[in-house]
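Examining the three-dimensional arrangement
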Amino acid sequence: MCGIVGISAQRNIVKHLIDGLAALEYRGYDSAGVALLGPDGIVRLRAKGKVRDLAALQLETGLDGHCGIAHTRWATHGVPSEGNAHPHVSGQVSVVHNGIIENHAALRAELQAQGYEFSSQTDTEVIAHMVERAQRAGRTLLQAVQEVVPQLHGAYAIVVVSAREPGTLVGARLGSPLVVGLGEGEQYFGSDVHALLPLTRRFLYLEEGDVAELSTAGVQVYTLAGEKVQREVKESQFNADAVQRGDYAHYMLKEIHEQSQAVADTLEGRIAGGKVLTQIFGVEAEQLLAATQAVHIIACGTSYHAGLVARYWIEQLAGVPCTTEIASEYRYRDPVVREGTLFLTISQSGETADTLAALKLAKQMPYLAQLAVCNVPESSIVRESSLVLMTRAGPEIGVASTKAFTTQLVALALFALALGRVKGLDDARYADGVRQLEQLPGLIVETLKLDAEIKTLAERFTDKHHALFLGRGTHWPVAMEGALKLKEISYIHAEAYAAGELKHGPLALVDEDMPVIAVAPNDRLIDKLKSNLEEVRARGGQLYAFVDETVAHGLDAAHVVILPAAGEIAAPVISTLPLQLLSYHVAVLRGTDVDQPRNLAKSVTVE
Ligand code: G6P
């Protein structure tokens, strides 16, 4: 989704603005632009396409300056084009914006009636004109922004620059993230810390409604009501190296191979003496878990799939009723909350607009607490939640989520086991679950050795238009995640079905052109799944089975990939890995943009 960088310095900074945009490319975008203060006012460069196109344009023109703003746009209002790309300009003012201004049509009509001319189809342009109008009426840039933001309905992170006040940048946020980076004699804005890591590791995380004014001299933050506030300075745990691709062809491949370490990091300090340390869920976790009578899990995309796996675990291991729901559905129905229900969000970014909105809604309902499983410290979801369990996947750059998913599964398994322990899960099963988690990093390394075999298999998918993924139990959501990966990055239409549903529709689609991919651990449902696979075989379907060695015997499939045997906790993680590799290799063979698939965004900060 859109990215923002802003810099006020005493040196030429266009390179850093563009490098910052490049670091935000992973969020997904379709055009990019930069605006700088020159001796004669604002100068701007914009390009449809990639940041490198913008960089080429900058080289051609030699544009540079000490103070400026830059943006990667992911189209919401108006097609991807140079004219719709940010920054938008009105007279002496230029603005970049993430989010959606819902009342833009009314504001546009009002501004047009006052003679303002619009040059784009975006909702953002109204902000440029409104700030310009306020400055024309004598306001400072800060006052102008403070006057404008209460009139904006919707979600925004904005940074504004004005030729009337060279060296000053004013940013504001509500519903979309914005951070301030602190440098020596220079200060920065970024829509996330990655944009600024090469420049600083010291950040202020703006809170909802904050307006910040920065210049080379320093930063001052105000609340929406205009009161001065201090926001704590935090040192980022990330470093710039963590977002380098290294020798890997794609971030996605790098992140697939980082999973063993990411899982080990997520487990570190959370298990001791064969037990999950309950305090990792907060000081009063023991009482909280005891009081938990039900769990509502809310998430989007891949994180939703992790939540679906967790539903099985929470019910099987803890005997506690659990529902898992898509955030955008939850927030617009009228959920009924029984006493003793825990609200659990799962989010890699911690900024997904629908998940965040659902969390805010939940805070007004009689939930026991709001637990977030999240990968980004200081994200909005982390800050809004009463309890947090961080996944420690490190920065995930590929749009298609991989290590974030498997570390979410690990965090959720820790939760299910801790809850199970409090709710009377028998010792042997509990100890076995903990042991499986401890063995997981090694098992992941083993499983990823299948890479070459899966790469060969991928060649059989390059000319396919559709694929069907099947699984049962916890492996149904694993199949859903496999189908999502394939469609996201290879653009092959893929669907996942609970294998038991095969006869109720999808079997009609099965023929020699429809590859059917089954993920099947050795669990109590394996015989049923084998029967489903026979149904596929009997219709001439090409069957690809990812199974453990104990299941492979007697399986009549065109292609069988044997996975290490794993138990009920480890198996969903292990079975996910070959599906990630499969979609990766199919996408590479089809020549798609693996890390930045068309139309998609890494962090969906609009509804
Ligand atoms: C986007 C990303 C997905 C992600 C989903 C939810 O669609 O492309 O990879 O699963 O958002 O994001 P979250 O950050 O809340 O996990």
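Cut-offs and rules
Residues numbered from 1 in each chain as written. Predicted model: local features only at pLDDT ≥ 70, side-chain atom pairs only at ≥ 80, totals over all residues. Heavy atoms only, no water. UniProt positions renumbered as here; feature names shortened; annotations may be inferred. Phe/Tyr/Trp six-rings, centres within 6.5 Å; stacked < 30°, edge-to-face > 60°. Helix = DSSP H or I, 4+ residues; strand = E, 2+ residues; numbered from the N terminus. Buried < 20%, exposed > 50% of the residue type's maximum accessible area, 1.4 Å probe, protein only. Polar contact = N/O pair within 3.5 Å; in protein donor to acceptor, adjacent residues only side chain to side chain. Contact = heavy atoms within 4.5 Å.

As named in an unreviewed UniProt entry, the chain is Glutamine--fructose-6-phosphate aminotransferase [isomerizing], taken from Arenimonas metalli CF5-1. Annotation of the chain in UniProt includes, under Subcellular location (unreviewed entry), the sentence "Cytoplasm". The UniProt entry for the chain carries the following text under Subunit (unreviewed entry): "Homodimer."

On to the packing of aromatic side chains, then. Evaluation of the coordinates by the stated rule reveals five aromatic pairs. With centroids separated by 5.0 Å and ring planes inclined at 55 degrees, the aromatic side chains of F343 and Y367 adopt a geometry described as tilted. Here Y367 lies in the loop between α11 (353-362) and β21 (370-374) and F343 lies in strand β20 (residues 341-347), a separation of 24 residues in the sequence. Looking at F343, the relative accessible area reads 0%, which means it is buried. For the pair F461 and Y544, a centre-to-centre distance of 4.8 Å together with 50 degrees between the ring planes defines the contact as tilted. Here F461, found in the loop between α15 (451-458) and β23 (466-471), pairs with Y544, found in strand β26 (residues 542-548); they are 83 residues apart in sequence, far enough to count as distant. Of the two residues examined, F461 and Y544, each falls in the buried class. Here the aromatic residues Y330, F343 and Y367 are joined through ring pairs into a cluster of three or more.

It is worth spelling out the side chain of T200 at this point. Within the fold, T200 resides in the loop between β10 (187-190) and β11 (202-205). Look at T200 and you get buried, because its relative accessible area is 8%. Side-chain polar atoms of T200 contact the backbone oxygen of L182, separated by 2.7 Å.

All right, on to the UniProt feature "active site" (unreviewed entry) in the chain then. The residues that UniProt annotates with the feature "active site" (unreviewed entry) are C2 and K602. For the annotated residues, spread through 601 residues, the largest C-alpha to C-alpha distance comes to 9.7 Å, consistent with a single compact locus. Assignment of secondary structure puts C2 in the segment before β1 (3-8). Here K602 shows up in the segment after α19 (570-590). On the accessibility criterion, K602 (11% relative accessible area) is buried. Those residues in contact with K602 that sit more than four places away from it in its chain are M1, Y26, R27, G28, Q348, E396, I397, G398, V399, A400 and S401. Reaching out from K602, the side chain makes a polar contact with the backbone oxygen of G398 at a distance of 2.8 Å.

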